[in-house]
Each structure stands twice: as C-alpha cells, then as structure tokens.
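# Topology and contacts: notes
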Amino acid sequence: MFTTTLNKFAARMQMKVPTFIVLMSAYFALVLNHPVVSKIFELSNNVSDVWFPYTAPLLLFCAFLIIFSVLAIPYLIKPIMIILTLTSAIALFAAETYHVLFSTDMMENVFETNTSEVSFYVNAPSILFVIALGVVPSILIAMVRFRYHSSWLKEIAHRLMVVLIGAVGIIVIALTTYKDYASVGRNNHYLSQMIIPAHVYNTFRYIQKNYLTTPLKYTHLGQDATLTPAPNGKPTLMVFVLGETARGMNFHQNGYARETNPYTKNLGLISFQHVSSCGTYTALSVPCMFSNMTRQHYNKAKANARDNAVDIIAKSGVKTLWIDNDGGDKGVAKHTTLIKINAEKKDKNCNGSTCYDAEMFADAKQFIQQDHTNKFLVLHSIGSHGPTYWQRYPDQDARFKPACNRSDIENCTDQEITNVYDNTLIYTDYILSRVITLLKENASDYNVAMIYISDHGESLGENGLYLHGTPYAIAPKEQTTVPWLLWLPKQYAQQKQFNLACLKQKALHQPVSHDNVFHTLLGLYGVKTADKDPTLDLTANCRQSAQ
C-alpha cells in the first residue's frame, strides 16, 4: 500500500519545465523573500500609491521567471535549484532572525569564518527552519520528473513564453509604479542586498575579487623605520589586546551604569570615549585598523599588498608575535610569527569547540620571558563573540542573571541578552587585568604598556537587530562604537616622553576611530618612519618635548 501511495505521489510530481519554473518563482518571491517584501510594505507608508507594496512580490515573481528560465539547463536544473533553495533557506533564517544582509562584504565575513564559529549559530530553531524551508522543498525538487515536449522547438518556445510573461510583467510594473520604486530605492540602497538569493551573486563577486583577480604589486612601507631607544636602557614590551564584538557604550569606563570593568577600574587606564570602527565585521575591521588607509579609502586588495603596522614595528628591530583565539589574523600576521589556539582541545579553558581567552597566557608568558629584547605581542581575543555569549566566560563569573544561555538569542528577553553580553565584558576586563599583572611582573626588565581596542560593536536587539555585519552606511551606533583603552604606567610615559594629562584630555573629548590606530600604535611604541602621519597619531602633540 505504501508503494502504491508513493507511486501515485511520484506521478503527481511529473511536470513540464515551465510549470516547475513558475512554482519555484512563486516560492522564492512569496516565501524566501519575505524580509524584503515586508520591508517594502514598511517603507511604503510614505508613498501615496496604496497598491505600490503589493507589486513587490509580483515584481520578484516576474524577475525569477526570467532568471530561472535561464538557469533551466537540462540535467543541471534540479541540482542548481536544490543548491539555491538550501542556501536561500539559510539566508532567510539569518535575515529573519538577525536581520543580516548578504552583501559582498558579508560574504567575505562568511567565507572567513572558521568552522568552530559556524557552530555557534547551529541550534534547534535554525535546524528546524532550514529543514522546513530548505531541505523538504529540496527533496520535493529532487523527486520531480520532467516531461519534455515532443520537439526542442516547442520546448524553447514555451521557455521563451515564460520569459516573455516575466518581461511584460516587469514592464507593466515599471510603467505604473516606477517613480515609487525610484523614490524608495534611492533612499534605501540596501534593499537590493536583501533579495534572496543575492548571496549567490555576491559569492561569485567575492571569489572573483579574491581569487580571480591579478594580485597587486607589493608596496613596502616603513623601510626607514627606527626605534628610539629608552633613556633607561630597557627594551620595550607592548601588548596589543585586539577585542571582538565589544561595544564602547557598555563599558563602565565610558559612563555605562553597570560595573562592567571591575578588575581594571583602579588600574589607571585611559579610555577613549568616542571611538568608531572601520567596519562592522572582523574580516574588514582588523586589516583596516592595522593598515595605513582610512575607512573611507580602505581597500582589501591594497591592504594585502602592503606592509601594516605590525610589519613596520618588526622592521624597526622589534620581535613580534600574534596569538589568535578568534578565527584568524585576517592577513595581518602574514610576516609575523602566528600561534593559533587549538579550540578542539578540552581542558579548563577549552570545551572542544571554543576556548576562553585565558588560554592565550601560556604562550604569551613564554614569549615574554624567553629573552629580554624589544617585543610587540598581539592577543586576538574571542571576547564577546555571539550568539553563544555564555561560552565566553566560566559559569562562576556570570555576575548578571538571568543570562541568555542559548544560541537562539532572539528567543531570550532583552534583559537576558544584555546580562549575558555584559558578562562577557566583565571577563574581558578580567583578561585585561591579567595582562597588566603580567606586564607589571616583567617591569624590571622592560618598559611595559598595553593597548586594548575592539574590532566592531554588536546589536543586542535594538530596533530588531542582532549581532553585527550590517552595511556600514546603515549600521547602528551599537555596531560601530568601540572601546579603546590604554595602560601607560609612569615609567613608560617618562621613557617615551608622553604627557599623560594630554592623552587623557584627548580621550575624554576628541572623536577618534580605527583610522588613528596605525599611526598612534607606531607613535606609542616609539617607531619613527616617514609613513606615519602625525595628524592621525594621537601621541604626536602629547609629548613632553612638545609642551
């Protein structure tokens, strides 16, 4: 009986290719593109034509008729549509849950995310969502049996008829509502990035830009780099803690009501109050802040083809090391010794998929104590990486409760999300205090200092947004405002001739950004080079000799 039922169902799954194209076009227009259609309805409040938003799904349907007719290649149509459906279901979940836009930049972020980070987003709701809207439709697609016309001429004619219907529909909509689409589109350029499966097109763009383009000629910077020796004869030891997903507005040092900096509050840190990031995701912000390019002129290909701040520090005769606990150096450590924390091991700091940032200290201590020469150490922390925030700190360090101890954070209350996020900041503060303790322990052998800055911020549900990665032009301040802390003990300031009062005033009042990092880092370390721009070096007019 089951076989008979199955055969009857299979018989019903026989259809002609044009029918299949119409069904798939309807599914993509009405189901998989729900976010963009909903957004157009939301934006249509300022449009006089009451029927305008209702043309959006029809316009998408007509466009898909044309696109899928082109993709309807014999023997390949089903594999193509299965891939599109599965990836589109994943994209839809991200769009509906986290309001992610799959632009070229976001695809860069996706492709440069490691497997352990991907696992942070896998949970029961995401799996069920993808099964329901991706896997089940894909199984149905696989079961379809195409019935072709008796001749190729008839087959082509029917395909052309589908294309013609789609083209006529687009023309009619354009003639009747063009001014409304022009008005809405002109003020909301991101709408095109919301269309699913735009992620496929942007994937090809990412591949073309990163793997199919001739590399640029390498530009050497800092060839003249020299390090000014300290009057006391001690070498310099600077630790640069590169934060992840920490937003400046949640730092108690910056006026946040909650005590999120309990470990460093009495350690004399200088906190810059108004800091903006280069991007809203790690793969852009990290190489950008270490390059000599500003956010406005940043280009990844150029950044990869030139020396960065770490390279120039090394050219001045400094031993450098990058310890990574956050998915890679994003190309910054290409000329530097790189140690990657193995998240697959299991010990007091690692659970087999992720490690607490304290895991970096063993390698850090070994690097610091192996000899006494000028050193620059980068600790790339996992910090506040979501959505599995609760995995960033030990259970006993959860000060704010109840916390959102689940990856489907959209199902937590706003307070629970804020609690778990703030707990990650407290643990980051603990890590910073341990770095400072380590530096103090070695202050007899070095002039020591620490810098902490985050790559980008994070949305915690404000205006329906979660996580990060929103295109910068429309990104909220939660994703672009980051903390920047300096720990410069008196010995370091005296040996480098810094006026701490001047730096503190700048930190309180001057708007700064990742644009300043390259030049300020060289200035703080004491590296002289013609490639350092004094106008972007925050230490340039805060030296004792300049007072």
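Residues numbered from 1 in each chain as written. Predicted model: local features only at pLDDT ≥ 70, side-chain atom pairs only at ≥ 80, totals over all residues. Heavy atoms only, no water.

In the annotation of an unreviewed UniProt entry, the entry for the protein reads Phosphoethanolamine transferase, and the organism field reads Vibrio zhugei. The record in UniProt for the protein states the following under Subcellular location (unreviewed entry): "Cell inner membrane". (UniProt positions renumbered as here; feature names shortened; annotations may be inferred.)

Within the fold, Arg306 resides in the loop between helix H13 (300–304) and helix H14 (309–315). The buried charged residue Arg306 lacks any salt bridge partner; its closest oppositely charged side chain belongs to Asp531, at an N-O distance of 8.0 Å. Only 2.9 Å separates the side chain of Arg306 from the side chain of Asn292, close enough to count as a polar contact. Aside from chain neighbours lying at most four places away, what touches Arg306 is Tyr218, Thr219, Leu221, Asn292, Met293, Asp311 and Lys334. (Helix = DSSP H or I, 4+ residues; strand = E, 2+ residues; numbered from the N terminus. Buried < 20%, exposed > 50% of the residue type's maximum accessible area, 1.4 Å probe, protein only. Lys, Arg positive; Asp, Glu negative; His and termini not counted. Salt bridge = Lys/Arg side-chain N within 4 Å of Asp/Glu carboxyl O. Polar contact = N/O pair within 3.5 Å; in protein donor to acceptor, adjacent residues only side chain to side chain. Contact = heavy atoms within 4.5 Å.)

We now examine the packing of aromatic side chains. Applying the stated criterion across every chain, the model contains 23 aromatic pairs. Both rings, one in Phe240 and one in Phe290, keep their centres 5.2 Å apart while their planes meet at 50°; by these two values the pair is tilted. With Phe240 in strand S4 (residues 236–243) and Phe290 in helix H12 (residues 282–290), the pair connects residues that are 50 residues apart, well separated along the chain. Note on Phe240: relative accessible area 1%, which makes it buried. By relative accessible area, which is 0% here, Phe290 ends up buried. On the basis of an interplanar angle of 25° and a centroid distance of 6.4 Å, the ring pair of Tyr492 and Phe498 is categorised as stacked. Each member of the pair Tyr492 and Phe498 is classed as buried. Here the aromatic cluster, defined as three or more aromatic residues joined through ring pairs, consists of Phe240, Phe290, Trp322, Phe376 and Tyr525. We note Arg434 situated over the ring of Phe361; from NZ or CZ to the ring centre the distance is 4.2 Å. Lying across the ring of Tyr525, Lys496 places its NZ or CZ 5.4 Å from the centre. (Phe/Tyr/Trp six-rings, centres within 6.5 Å; stacked < 30°, edge-to-face > 60°. Lys NZ or Arg CZ within 6 Å of the ring centre and 35° of its normal.)

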